[in-house]
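# Descriptive analysis of the structure
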Amino acid sequence: MNTETLLNMALNGVDALGYRLDQYGITGKVNRHNIAAFLAAEQKHLEGEWDSIQVRVNRRRSQVEKITHEIESRKDALIGPVLSKINRFRASQ
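Throughout what follows, the structure given in this document is the object of discussion. (Residues numbered from 1 in each chain as written. Predicted model: local features only at pLDDT ≥ 70, side-chain atom pairs only at ≥ 80, totals over all residues. Heavy atoms only, no water.)

### Some remarks on the overall build of the protein
Within the protein, the secondary structure is distributed over two helices and zero strands. Taken against the 2.2 N^0.38 rule, which gives 12 Å for 93 residues, the C-alpha radius of gyration of the protein at 32 Å runs more than 25% over that of a compact globule. Counting the 93 residues in the protein, one finds 2% classified as buried. Split by element, the accessible area of the protein, about 8,400 Å² in all, is 60% carbon and sulfur. Distance between charge centres in the protein, computed from 14 positive and 11 negative side chains, equals 14 Å. (Helix = DSSP H or I, 4+ residues; strand = E, 2+ residues; numbered from the N terminus. Rg over C-alpha atoms; globule rule 2.2 N^0.38 Å. Buried < 20%, exposed > 50% of the residue type's maximum accessible area, 1.4 Å probe, protein only. Areas by Shrake-Rupley, 256 points an atom, 1.4 Å probe, with all protein chains shown as cover. Lys, Arg positive; Asp, Glu negative; His and termini not counted. Charge placed at Lys NZ, Arg CZ, Asp CG, Glu CD.)

As structure tokens, this is what we get:
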């Protein structure tokens, strides 16, 4: 079976279910159009959530890159005095 046949079978099942529920007066909102609209809305919702996660990850990545850049730019100022003391200690022995 191809996907078109499966999709049509599923949609016909949804239509039949909606028709039966409507006959019993339960609801008139179960049909292929409402389900398609619901799925499209959920897809957009999930895309928005994914974009939000991506923004947070990129923000954290940027913060880490900024911190590592700061550390790399200050390493000479931090490590230089320590190395000079170690070298002076070695020279004195």
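### Structural notes on a nonpolar patch on the surface
Residues L78, I79, V82, L83 and I86 make up a contiguous nonpolar surface patch of about 450 Å² in total accessible area. Among the structural elements, L78 can be located in helix α2 (residues 32-92). (Patch = residues over 30% accessible without salt bridge, like charges linked within 9 Å, V, L, I, M, F, W, Y side chains within 5 Å. Salt bridge = Lys/Arg side-chain N within 4 Å of Asp/Glu carboxyl O.)

### A word on α2
In this model, α2 (61 residues) spans 87 Å end to end at C-alpha, consistent with the 90 Å of a helix rising 1.5 Å per residue. Along α2, the sharpest change in direction is near 50° and occurs at R74. (Expected span 1.5 Å × (residues − 1). Bend = angle between axes of the 7 residues up to and from the residue.)

### Overview of the environment of T68
With respect to the helices, strands and loops of the structure, T68 is situated in helix α2. At a separation of 2.9 Å, a polar atom in the side chain of T68 contacts the main-chain carbonyl oxygen of E65. (Polar contact = N/O pair within 3.5 Å; in protein donor to acceptor, adjacent residues only side chain to side chain.)

### Observations concerning the environment of D15
In this fold, D15 is placed in helix α1 (residues 3-23). The spatial distance from the C-alpha of D15 to the C-alpha of V64 is 53 Å, given a sequence separation of 49 residues. Other than its neighbours up to four places away in sequence, D15 contacts N31 and R32. (Contact = heavy atoms within 4.5 Å.)

### Quick word on α1
With 21 residues, α1 extends 30 Å between its outermost C-alpha atoms, agreeing within 8% with the 30 Å of an ideal straight helix rising 1.5 Å per residue. Remark: G25 follows α1 within two positions and exhibits a positive phi of approximately 75°.

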